[in-house]
Structures are given as structure tokens and as C-alpha cells.
Amino acid sequence: MTTSTVSPNVRARGVVRVVAGLFLFGLSSVAAQASTGCGVAIEPGRHALTFQSGGRERQAVYVIPSSYTGKKKLPLVFDFHGSNSNPDVQLKRSHWDEVAEREGFIVMALAGSLKGELPNTYAWNVPGVTQAEGADDIAFIRDALTLAKESFCVDNAKVFASGYSGGGRMLSQYICNGFADFAAAGFVMGLRAGTPEQENGVWRPRRESCKPTKPVSIIAFSGMKDHVNPFDGGGKDYWRYGGEVALARWAELNGCDRRPVADEGEQVNVSSYVGCRAGTSVVSYEIANADHAWPARSVLFRLAAASGTETIREVDATDLMWDFFHGSGGELMAGKAKPTACGNDKNTASTLEAGQGNACSQSIKPDNSVPTVSGAL
């Protein structure tokens, strides 16, 4: 993995970057000063990156697919890690890098400003709920976006983001704070709709804390056995209100129909809010046997195009998220699968794995008459 360094001096009206030593990402000084990163090829693969934001040195990782030429504008996906994690662990969890290589887009994973509980791990300074002192992570995300658009050949209309756990909370608040950089956003065990407040004994999002400037499509994955960020609500002070409350609030913010279209299965329930403004949608996947873990290859969904012309294929959560981002028209049809053979004692998130959780898989005989959800965490 190669390493690049750049020092941006953040000012009120933008970001001025001074590139010292070798040219950033292998670009010439002329290309580095241009308003777009198109025109120069970049070495494919995973690269470590350090740059200055708000007077502090910040860390990131970016992934360039082998199809990158610098001539064609590509989509860009940001991947936000959970608490007590880092960009490399997050990419191992989400495998966005593998999907990017196959589908031909760029990935950028950032490191939060707070020190994690384990060595070389971080957490996010989420506005409104974080008690520890940290840098301005909202400004850091803005700086990283600007740097990516100046350095890579990016399609600005196809910039997306996903967040896991604390990274999902950070991403939620970023959008709530009115920054409309992402065309769509995905959340795993971390969707919020503003900071929690209690009224008449009931927890809800504080409306004043979430004011997006435009509708944004939302796809969220939740585990019904998640005891860290419970879908039913409760948990730590930063959480409190449940997943259904967050989804309903985003549907309201997007101007969607008040009642979702529901599709129930033995392993997963799917709720889709339709009729939203600007062609957006809010979709939720609630997985019965999932704990606080990214639904990876141990949980497979069978995907069919809405037009009915595409052959049904199996995908995992990241593939499904990419289809949602990319606007392929795919939708999940909940169906039948055998119950999990995993005991509850095996469905716990592991601190040593930075909260990634332990997978528990099984052999499943699919019912070919219906699309199914297979596997269990």
C-alpha cells in the first residue's frame, strides 16, 4: 500500500493545498492545481493518505480500480468506520474495495478524530452527542471531499457514502447539518435522524438538529439482535430512539408517503417508503438473526430487477447498497430461509475485532419458487 501526504490550509472560503516533495497521487503540479482530477492516470490499488485539516494531521485510505484511466469520470464512495476501528479494518468489513475493483469506482475511507479504546483505532466526533474533545470531523469530511474531487476523476453527481455504527451516526449528522454532497447514503447499524431528546417519557429525534438541504436516498440495514444500537430503541445516550423512528423521520424529511410498503420474510423484513421528492427513497432491511455486525457474505440476498428482465442473483449487503446507489432498479424480495443454527452466545460483537462481530454461517437449501434471504450472522 503506497502512502501520500498533502497539507491543506483550511480557510473560511475554501481549501488551499500546498503539495511538497513528490506530486500528490503521482499527478503533475499543473494537474494538482486544476479544478478537476481528470487527465492523469493513477496507480491502481489501495493507498494510505495523510493530510492537514483544521491544523491537524488526518488519516485516510483510498482505493483506485485497475480500470481507472483518469479520462472517464467515475463514481466515488466514502466508507465511514465504526467506533474503535480504522479505515483498513472498515474496508475488510465492508469489502467496498473489492466491489470497486469489479464495478469500476473509487473508494475513500477516513479515520475519525477521537482515539479508540484499542491501539490504532479511532471514533467520530459526532456533533450533538460526543462528550470527548476532538477535531471538527464535519470540516474534515468536507476537506476530504474537496481533496478527492481535485485529485481524482470523479463524477460529482455520483458521490455516495456508507457508514457503520458510529460512522453511520457521523454520516447521519453530516447530512442533517445541511451538507448535500452525497447523492445517496447507506447505513449499517447506525442510522440517525438528529440528536435524541425526550418528551413526555418518549425518545425522538430533535427536529432542530436535522435540517438537510435536499432529499437524499437512504438505505439502512439493522440487526434485530443488536444490543449496541438497538433497533427498538434504548441503549446509550447517543442512541435512545429506535430505528423505525429514524426511518419515519427521514421519510418525512424526504416528503415520502407516510406508510411504508412492507415485505416480510422469516429472515428479513423490508420496509420501503415511496412517493418521495426528487425521485428519492428510504429503504430498510431488518435482519432477524443479525447482531451489531456488517451483514457480509454470511448473509446473502437474492436480487431481481424491478423490470423483471434481469436474472435473479445473490448479493450481500454491500452489493445491494451499491445497486441502490448506482440506480440499477434492483429490489429485495423477502422470502423463506431455514432458521439459523447459531446460538445467541455466538451472535456477539467482538471488541478484539473492533466491534465487527462473529459470523455464523450454515448450509441452506433455497426455495427456488421465491427470492430468498440466506445465511445468518
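As a reminder, the structure under discussion sits directly above these lines.
Residues numbered from 1 in each chain as written. Predicted model: local features only at pLDDT ≥ 70, side-chain atom pairs only at ≥ 80, totals over all residues. Heavy atoms only, no water.

Participant: Explain the overall build of the protein here, please?
Facilitator: Across its full length, the protein holds seven helices and 20 strands. Taking all 377 residues of the protein together, 54% fall into the buried category. Long-range pairs, those at least 24 residues apart, make up 67% of the contacts in the protein with a sequence separation of at least 6. Carbon together with sulfur atoms contributes 48% to the accessible area of the protein, which is approximately 16700 Å² in total. (Helix = DSSP H or I, 4+ residues; strand = E, 2+ residues; numbered from the N terminus. Buried < 20%, exposed > 50% of the residue type's maximum accessible area, 1.4 Å probe, protein only. Contact = heavy atoms within 4.5 Å. Areas by Shrake-Rupley, 256 points an atom, 1.4 Å probe, with all protein chains shown as cover.)

Participant: I tried to follow the pattern of salt bridges on my own but got confused; where do I start?
Facilitator: Side chains that differ in sign of charge can pair as their charged atoms come close. If you walk through the whole model with that rule in mind, you get eleven salt bridges. The closest approach of N and O atoms between R46 and D88, which form a salt bridge, is 2.9 Å. Of the two residues, R46 sits in strand β3 (residues 45-53) while D88 sits in helix α2 (residues 87-94), which places them 42 residues apart along the sequence. Close ionic contact of R142 with D181 constitutes a salt bridge, the shortest N to O distance being 2.9 Å. Of this pair, R142 sits in helix α4 (residues 137-151) while D181 sits in the loop between α5 (166-176) and β10 (184-188), placing them 39 residues apart in sequence. (Salt bridge = Lys/Arg side-chain N within 4 Å of Asp/Glu carboxyl O.)

Participant: Would you explain the packing of aromatic side chains in this entry?
Facilitator: For any pair of aromatic rings, the description rests on two quantities: the centre-to-centre distance and the angle between the ring planes. In this structure the tally under the stated criterion is 15 aromatic pairs. With a centroid separation of 6.0 Å and 5 degrees between ring planes, the pair formed by W96 and F325 is classed as stacked. Linking W96 in helix α3 (residues 96-103) with F325 in helix α7 (residues 317-326), this pair joins segments that are 229 residues apart in sequence. Among the aromatic side chains, those forming a connected cluster through ring pairs are F51, F78, F80, W124, F140, Y174, F179 and F182. (Phe/Tyr/Trp six-rings, centres within 6.5 Å; stacked < 30°, edge-to-face > 60°.)

Participant: What am I meant to see in the pairing of strand β14 (residues 261-264) here?
Facilitator: Note: β14 against strand β15 (residues 268-273), four bridges, orientation antiparallel. Bridging from a neighbouring strand, D263 pairs with V270 of β15. Count of turn residues in the β14/β15 antiparallel hairpin: three residues. (Pairing = 2+ DSSP bridges.)

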